[in-house]
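Observations on the three-dimensional arrangement
Chain by chain, the residues:
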Amino acid sequence: MNAKYSFRLESRDRRHELPGKIIVGQEETETINHVMLKLLAYVLFYRERLQLEVNLHQDSIPFKPDLVQLDYELRPKLWVECGECSVTKLDKLAVKVPEAEIWVVKKSPDEVESIMRGMAKEGLRRDRYDLIAFDFDVFQELCGLLSSRNQFTWIGGSLENREMQFDFNGLWFDTSFIKARF
């Protein structure tokens, strides 16, 4: 592991509880962008049994998710890929985790458009994947604020409304994001 980032989490929205603290690891091949995408995805998708960077220890699933929620039989119900992800991997995931919602989280609309073009070109199954793209300028500002110890306060927002309001390391953000289905 190259680095670890600590996040103290707080939610002011009773409908969107968060744990008090998480630690996001940065592997040698990962960038600060990847760390920030994992944080944003974690707070946006938070639900009971959501796990970061867990090794599933299943020979039938040779991948390690950025975020995953397992059911009580330890099968993935939610699988979230953040940042770089090949079209080939997404195609295999549809087969390997047939019951899971598969989400791809990107830092900009351009990246979502690019991967969707690749998915269409390779003939991936339609109506199987959901994608999120953050506002690139806001995302870059968040990355600039990232330190080894961070404070994140969730105020409101949802996947359905495609918006987020939060405070990150003392700065207020009120932003929207793009949600697409492939």
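To be clear, the structure that these remarks concern was listed above.
Model, not experiment: these values are computed from the prediction. (Residues numbered from 1 in each chain as written. Predicted model: local features only at pLDDT ≥ 70, side-chain atom pairs only at ≥ 80, totals over all residues. Heavy atoms only, no water.)

**Quick word on helix α2 (residues 87-96)**
By the burial criterion, the buried members of α2 are Val87, Lys89, Leu90, Leu93 and Ala94. Down the axis of α2, the buried side of the element spans an arc of 155°, and every buried residue falls inside it. In this structure, the buried residues of α2 make contact with β5 (76-82), β6 (101-106), α3 (109-121) and β7 (129-134). (Buried < 20%, exposed > 50% of the residue type's maximum accessible area, 1.4 Å probe, protein only. Helix = DSSP H or I, 4+ residues; strand = E, 2+ residues; numbered from the N terminus. Arc of directions from axis to C-beta. Contact = heavy atoms within 4.5 Å.)

**Some points on the packing of helix α1 (residues 32-45) against helix α4 (residues 136-145)**
Packing of α1 against α4 brings their axes to within 10 Å, and their N-to-C directions diverge by 105°. In this view, α1 runs roughly perpendicular relative to α4, as classed from their interaxial angle. Between α1, through Ile32, Asn33, Met36, Leu37 and Leu40, and α4, the contact on the second element is made entirely by Phe139, Gln140, Leu142 and Cys143. Classifying every residue of the contact of α1 with α4 gives seven nonpolar, two polar and no charged. (Axes fitted to C-alpha atoms, helices over the stretch in contact; angles between N-to-C directions. Parallel < 35°, antiparallel > 145°, perpendicular 65-115°, else oblique. Nonpolar A, V, L, I, M, F, W, Y, C, P; charged D, E, K, R; others polar.)

**Thoughts on the layout of surface pockets**
Volume-wise, the largest pocket comes out at about 360 Å³. What lines the largest pocket is a set of 19 residues, among which Glu30, His34, Cys82, Gly83 and Glu84 lie closest to the centre. Split into classes, the residues belonging to the lining of the largest pocket amount to three nonpolar, five polar and eleven charged. (1 Å grid on protein atoms, 1.4 Å probe; cavity = no way out; pocket = protein on both sides within 12 Å on 5 of 7 lines; lining within 4 Å. Points joined across faces, edges and corners; volume = space filled by probe spheres on them.)

**A short note on the side chain of Ser6**
Assignment of secondary structure puts Ser6 in strand β1 (residues 3-11). Residue Ser6 is classed as buried on the basis of its relative accessible area of 15%. Contact partners of Ser6, with chain neighbours within four places excluded, come to Lys21, Ile22, Ile23, Ser148, Arg149 and Asn150.

**Some words on the sheet that holds strand β2 (residues 21-26)**
Read from one edge to the other, the open sheet built from ten strands follows the order β2-β1-β8-β9-β10-β7-β6-β5-β4-β3, with strand pairing classed as mixed. Both outer strands of the open sheet, β2 and β3 (50-52), are each paired with one neighbouring strand and no more. Neighbour-to-neighbour, the strand axes of this sheet turn through a mean angle of 25°, independent of strand direction. In the sheet, β3 pairs with strand β4 (residues 67-70) via three bridges, with the strands oriented antiparallel. In the sheet register, Leu50 faces β4, and the bridge partner there is Gln69. (Pairing = 2+ DSSP bridges.)

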